[in-house]
Structures are given as structure tokens and as C-alpha cells.
Amino acid sequence: MASAIAGVIFAPMNWAHRKWVWPQRMEGLVRMIQPRLRAGERVLDVGCGNGQFGKLLMEHQSSPQGLEFHGVEPEGLIRPETAIPVQAFDGVHLPYEDNAFDVVLLTDVLHHAAEPGPLVAECVRVAKRRVVIKDHVVYGKWDRMRLSFSDWLANVIHGVPCTFGYFSRDGWHEIAKTSGATVVDPAWGPRQYDWGILEKLFGGRLQCVVELEAGGAAALTPEIKTTGASPEALTIWSGRSDLL
């Protein structure tokens with residue numbers, strides 16, 4: 001009911017977002033992710049939504065050739081039609097063998113996860129080369145407030161729950177360490193939007209791309225291996241593609 005009411009109230013804003021913000025956001029994401037992929041790699045997009053971003057990366061004229069994308073979405077949230085093959089998972093455990101993909105990608109997903117630590121550990125297990133995470137970084141209360149408001153605004157219309165799980169730079173290094181990985185080649189503050197006002201409000205210092213050096217099954221601690229998915233973990237990410 002709340003999401004339906006929000007849909008009416010925020011419909012004009014959603015239309016404007018789709019018309020002007022969405023295209024800039026997608027191009028910004030492509031600029032951030034493309035250089036971190038190699039020709040012929042198999043990529044798993046965790047929380048892929050309808051798979052359009054994976055399809056865009058595969059078909060973009062400046063992308064490495066021969067990329068192959070697959071996706072996972074929590075059970076019950078897979079769309080009727082997807083642009084890439086999508087498999088269900090429980091919100092934490094990925095249904096693949098160790099080192100099944102060259103790269104595991106999480107794009108504006110992790111701050112929605114109910115259990116980010118175990119999920120990152122699973123990504124490390126499945127990735128043969130790297131885990132690439134595009135998300136946010138906070139430096140103080142004002143950053144957290146701005147991100148929380150924009151996150152809520154972008155997701156309330158779609159009924160997507162927000163956990164507001166943003167990390168500081170130290171926090172990113174800590175979650176990598178507890179997942180048995182190391183942060184490599186981080187980008188703090190990459191440009192997201194072409195429009196100055198959008199970049200000032202939602203881009204710039206609030207954005208980050210973090211790569212984790214994947215170590216396979218050996219990097220996973222016994223505690224994380226046996227962690228079960230909570231019911232809350234099944235409710236994440238159904239509207240990732242609509243986030244700022």
C-alpha cells in the first residue's frame with residue numbers, strides 16, 4: 001500500500017529520473033566497470049535485476065570482446081523477461097562451484113544486502129580473478145544522510161527495502177579482510193554523472209569502485225561457510241536498476 005501511494009506521489013520524479021538521470025548513470029557505470037574486465041571473461045552479476053546492465057556491457061562498442069554475463073537474483077524476484085541468463089539464490093549463498101566465473105560483479109547492490117559480509121565471502125569463493133564492487137563510500141554523518149535520503153527516494157516507489165549499509169574506506173578494507181580477500185585498485189570518487197548538479201549531489205566523493213583479489217575456497221572461513229541466509233536476505237535488490 002505504501003509503495004502504491006509513493007508511486008502516485010513520486011511518478012513525475014520517476015519519469016524525470018528515467019528520462020535524464022538513468023542514461024547518465026548507465027554511461028557512468030560503464031566507464032567505471034569496463035576497464036576492470038578482460039576479453040572473453042565470464043562475469044557473474046549479483047543482484048542483476050533485469051540484466052540490462054550486463055547486456056549493455058557485453059554490447060557496448062568500447063567493451064572488451066567476448067564477455068559472457070550471467071546473473072543471480074533472490075528467489076521470487078526474478079523478472080519474467082531478462083536480458084541475460086538469471087538464476088535464483090537465497091540472498092547469500094551462490095549456486096556455483098568455486099572459481100566458476102572470472103569476475104563477480106556487484107553494482108550498487110551491497111548496501112542493500114542484509115548480510116554483506118557472508119555475501120562478499122561467497123563472491124570471493126566463486127571469482128577466479130577478481131570481485132568488482134561498485135558502491136558508495138562515506139566520510140561522515142552528512143554523507144550518510146545524503147546517501148540514505150537519495151537511496152530511499154529512488155527505491156520507495158518500487159517497494160525496495162533499504163538497509164543503508166554504507167562503508168567508510170576503512171570499512172571496505174575490513175569487509176575484504178573478513179572475507180579472506182584484499183582490496184586492490186580502488187577508485188575513490190569516480191565521476192558518475194555528466195550534469196554538474198547531479199554529480200555534486202549524488203556523485204563524486206560518494207561513489208567508489210573496489211576490487212577484491214579473489215582467493216577461491218581457501219579464503220573462506222568456516223564461520224562464513226556455515227552462515228545461513230536470514231529471511232531478510234531474501235528481500236534485497238528487486239529494484240537495483242532504479243537506484244541513483
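Residues numbered from 1 in each chain as written. Predicted model: local features only at pLDDT ≥ 70, side-chain atom pairs only at ≥ 80, totals over all residues. Heavy atoms only, no water.

K.L.:
Describe the packing of aromatic side chains, listing the residues and the values that go with them.
P.N.:
Two descriptors summarise a pair of aromatic rings, namely the distance from one centre to the other and the angle between the planes of the rings. Applying the stated criterion to the full structure yields 2 aromatic pairs. Taken together, a centroid distance of 5.0 Å and an interplanar angle of 90° make the contact between Tyr-96 and Phe-101 edge-to-face. Across the pair, exposure class does not vary: Tyr-96 and Phe-101 are buried alike. (Phe/Tyr/Trp six-rings, centres within 6.5 Å; stacked < 30°, edge-to-face > 60°. Buried < 20%, exposed > 50% of the residue type's maximum accessible area, 1.4 Å probe, protein only.)

K.L.:
Please provide a residue-by-residue account of the confidence of the model for the protein chain, values included.
P.N.:
Overall, the predicted model of the protein chain reaches an average pLDDT of 80, with 71% of residues at or above 70. Confidence, expressed as mean pLDDT per element, reaches its minimum in the protein chain at helix 8 (residues 222-225) with 36 and its maximum at strand 1 (residues 42-46) with 98. Segment residues 216-244: pLDDT under 50, and 98 contacts once partners within four positions in sequence are set aside and those in other chains are kept. (pLDDT = per-residue confidence, 0-100. Helix = DSSP H or I, 4+ residues; strand = E, 2+ residues; numbered from the N terminus. Contact = heavy atoms within 4.5 Å.)

K.L.:
Explain the pairing of strand 1 residue by residue, including any values.
P.N.:
The element strand 1 is extensively covered by neighbouring structure, given that 4 of its 5 residues are classed as buried. Across 5 bridges, strand 1 lies against strand 2 (residues 68-74) in parallel orientation. Bridge pairing links Leu-44 to His-70 in strand 2. In this fold, the crossover linking strand 1 to strand 2 by way of helix 3 (residues 52-59) has right-handed handedness. Bridging between strand 1 and strand 4 (residues 101-107) involves 4 bridges; their strand directions are parallel. Paired with Asp-45 across the bridge in strand 4 is Leu-105. (Pairing = 2+ DSSP bridges. Right-handed = clockwise from strand over helix to strand, strands pointing away.)

K.L.:
Give a detailed account of helix 4 (residues 116-126), specifying residues and quantitative values.
P.N.:
Counting buried positions along helix 4 gives 10 out of 11 residues, so the element sits mostly inside the fold. Among the residues of helix 4, Gly-117, Pro-118, Leu-119, Val-120, Ala-121, Glu-122, Cys-123, Val-124, Arg-125 and Val-126 are the ones counted as buried.

K.L.:
Talk me through the environment of Glu-115; I want residue IDs and the actual numbers.
P.N.:
Along the chain, Glu-115 falls in the loop between strand 4 and helix 4. In sequence terms Glu-115 and Gly-91 are 24 residues apart; their C-alpha atoms lie 8.3 Å from each other.

K.L.:
For the environment of Val-46, give the residues involved together with the corresponding values.
P.N.:
Structurally, Val-46 is set in strand 1. We classify Val-46 as buried; its relative accessible area is 0%. Taking C-alpha positions, Val-46 is 9.5 Å from Gly-91, a pair spaced 45 residues apart along the chain.

K.L.:
So what's going on with the pairing of strand 7 (residues 207-213)? Residues and values would help.
P.N.:
The side chains of a regular strand alternate between the sheet's two faces. Most of strand 7 is tucked away: 6 of the 7 residues are buried. The sheet contact formed by strand 5 (residues 127-136) and strand 7 spans 7 bridges and is antiparallel. If you follow Val-131 over to strand 7, its bridge partner there is Leu-212. Bridge count between strand 6 (residues 182-188) and strand 7: 5 bridges; the pairing is antiparallel.

K.L.:
Give me the pattern of salt bridges: which residues, what numbers.
P.N.:
If you walk through the whole model with that rule in mind, you get 12 salt bridges. Linking Arg-42 and Glu-68 is a salt bridge whose minimum nitrogen-to-oxygen distance equals 3.5 Å. Of the two residues, Arg-42 is situated in strand 1 and Glu-68 in strand 2; the sequence distance between them amounts to 26 residues. On the accessibility criterion, Arg-42 (28% relative accessible area) is partly exposed. As a salt-bridge pair, Glu-122 and Arg-125 come within 2.8 Å of each other at their nearest N and O atoms. Pair noted here: Glu-122 and Arg-125 are both in helix 4, with a separation of 3 residues, about one helical turn. (Salt bridge = Lys/Arg side-chain N within 4 Å of Asp/Glu carboxyl O.)

K.L.:
An account of the sheet that holds strand 7 is needed here, citing residue identities and associated values.
P.N.:
Read across the open sheet, the 7 strands follow the order 3-2-1-4-5-7-6; overall the sheet is mixed. Each of the sheet's edge strands pairs with one partner strand only, and the pair in question is strand 3 (86-89) and strand 6. Here the average twist between neighbouring strands, direction ignored, is 20°. Contacting strand 1, strand 2 and strand 4, helix 3 runs over the sheet at an angle of about 170° to strand 2. (Axes fitted to C-alpha atoms, helices over the stretch in contact; angles between N-to-C directions.)

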